Amino acid sequence: MAIRVLEIIFFLYFASHIPITLFIDLQALLPGHVFPQPLRDLLKWYAAEFKDPMMMDPPHWFKSFIYCEAVLQMPFFPVAAYAFLKGGCKWIRTPAIVYSAHVATTLVPILGHILFYPFPVEPHPGPQTLEERMRLVSIYAPYLLVPLLLLLTMLLSSTYNSPSKSGNTSAKKKKKK
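Here is a short report on the structure shown in this document. Each chain carries its own residue numbering, running from 1 in the direction its sequence is written. Under the rules for a predicted model, residues below a pLDDT of 70 receive no local features and side-chain atom pairs below 80 are neither given nor counted, while totals for whole chains, interfaces and linings still include all residues. Side-chain numbers here rest on the full set of heavy atoms in the structure, without hydrogens or water.

**Quick look at the environment of Ser64**
Thinking step 1. For Ser64, the location among the structural elements is in helix α4 (residues 60-73).
Thinking step 2. Once the C-alpha coordinates of Ser64 and Thr106 are considered, the two residues, 42 residues apart in sequence, prove to be 9.9 Å apart.
Thinking step 3. For this analysis, a polar contact is any N or O atom pair within 3.5 Å, provided that within protein one partner can donate a hydrogen and the other can accept it, and provided that sequence-adjacent residues contribute only side-chain to side-chain pairs. A polar side-chain atom of Ser64 sits 2.5 Å from the main-chain carbonyl oxygen of Trp61. Numbering goes from the N terminus for both helices and strands, where a helix is a DSSP run of H or I of at least four residues and a strand is a run of E of at least two.

Next up, the structure:
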């Protein structure tokens, strides 16, 4: 039962990540005219409300993470959403481990930047107070916590980490030779 709850959480995470990537995150890479005005307005509102200048004027290192999201992660999102909606798909284990390790690693510098960088006040104001920084951290933190939970699930859950029968069979064959 507990594993099914985690699978639903993972499904919701990956399913929700598809529109977020396509309609919000890619605005940091693609020309503005590619997106309809309501989506551009949504990004401007988000950046102003949560004081996230990285989305309005992304540093090069941040853009590199968004390129990885677009090219490497985006194709994985619907596959992972399907696997976790269906549940018990052992074939998702290795790709999920790779994904979760990659994303968790990228979030460390992002969160460090949010917490310690002296953001300018113009042209796109960044967080200045600890409260503003923690508010922005709360937006990014699920993209660290869910992948870490996914990693632990893939490594420790008997549903995803049980030896396969074919693996045992080939090991037995090797011993006979």
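Once the structure has been displayed, the description carries forward.
**A few points about α4**
What sets the pattern is the α-helix's 3.6 residues per turn: residues three or four places apart point alike.
Thinking step 1. Expected helix span is taken as 1.5 Å per residue step, with the number of steps being one fewer than the number of residues. The terminal C-alpha atoms of α4, which comprises 14 residues, lie 19 Å apart, in line with the 20 Å expected from a rise of 1.5 Å per residue.
Thinking step 2. Exposure classes here rest on a 1.4 Å probe applied to the protein chains alone. A residue is buried below 20% of its type maximum, exposed above 50%, and partly exposed in between. Considered for burial, the residues of α4 that qualify are Phe62, Ile66, Glu69 and Gln73. On an axial view of α4, the arc spanned by its buried residues comes to 85°, and they lie on one face. Away from its buried face by more than 90 degrees, α4 exposes His60, Val71 and Leu72.
Thinking step 3. In this structure, the buried side of α4 is in contact with α1 (2-23), α3 (53-56), α5 (76-86), α6 (93-116) and α7 (130-140). Taken from the helix axis, the directions to the C-beta atoms give the arc we talk about. Whether two residues are in contact is decided by their heavy atoms, any of which lying within 4.5 Å being enough.

**Topic: the packing of aromatic side chains**
Thinking step 1. Ring geometry is summarised as follows: Phe, Tyr and Trp rings, the Trp one being its six-membered ring, pair when their centres sit within 6.5 Å, and such pairs are stacked at plane angles under 30 degrees, edge-to-face over 60 and tilted between the two. Summed over all chains, the structure comprises 17 aromatic pairs.
Thinking step 2. Geometrically, the ring pair formed by Trp61 and Phe65 is edge-to-face, given 5.8 Å between the ring centres and 75° between the ring planes. Residue Trp61 and its partner Phe65 are both found in helix α4; the two are separated by four residues, about one turn of the helix.
Thinking step 3. Look at Trp61 and you get partly exposed, because its relative accessible area is 30%.
Thinking step 4. One aromatic cluster is present, built from ring pairs that chain together Phe10, Tyr13, Phe14, Phe76, Phe77, Phe84, Tyr99, Tyr143 and Tyr160.

**Observations concerning a nonpolar patch on the surface**
Thinking step 1. Patches in this entry comprise residues that are over 30% relatively accessible and not in a salt bridge; like charges within 9 Å are linked, as are nonpolar side chains (Val, Leu, Ile, Met, Phe, Trp, Tyr) within 5 Å. Computed with a 1.4 Å probe, the accessible areas rest on the Shrake-Rupley method; for each residue, only the protein chains presented here act as cover. Should a side-chain nitrogen of Lys or Arg be within 4 Å of a carboxyl oxygen of Asp or Glu, the pair is scored as a salt bridge. Taken together, the side chains of Leu115, Phe116, Leu130 and Met134 define a hydrophobic patch exposed on the protein surface, amounting to about 440 Å² of accessible area.
Thinking step 2. Structurally, Leu115 is set in helix α6.

**Considerations on the side chain of His17**
Thinking step 1. Take His17: it is sitting in helix α1.
Thinking step 2. According to the relative accessible area criterion, His17 is buried, its value standing at 4%.
Thinking step 3. Not counting the four nearest positions on each side in its chain, His17 is found in contact with Asp25, Glu69, Phe77, Tyr99 and Tyr143.

**A closer look at α7**
Thinking step 1. Taken together, the buried positions of α7 are occupied by Arg133, Leu136, Val137 and Tyr140. Down the axis of α7, the buried side of the element spans an arc of 105°, and every buried residue falls inside it.
Thinking step 2. Against α2 (37-49), α3, α4, α6 and α8 (142-156) lie the buried residues of α7.

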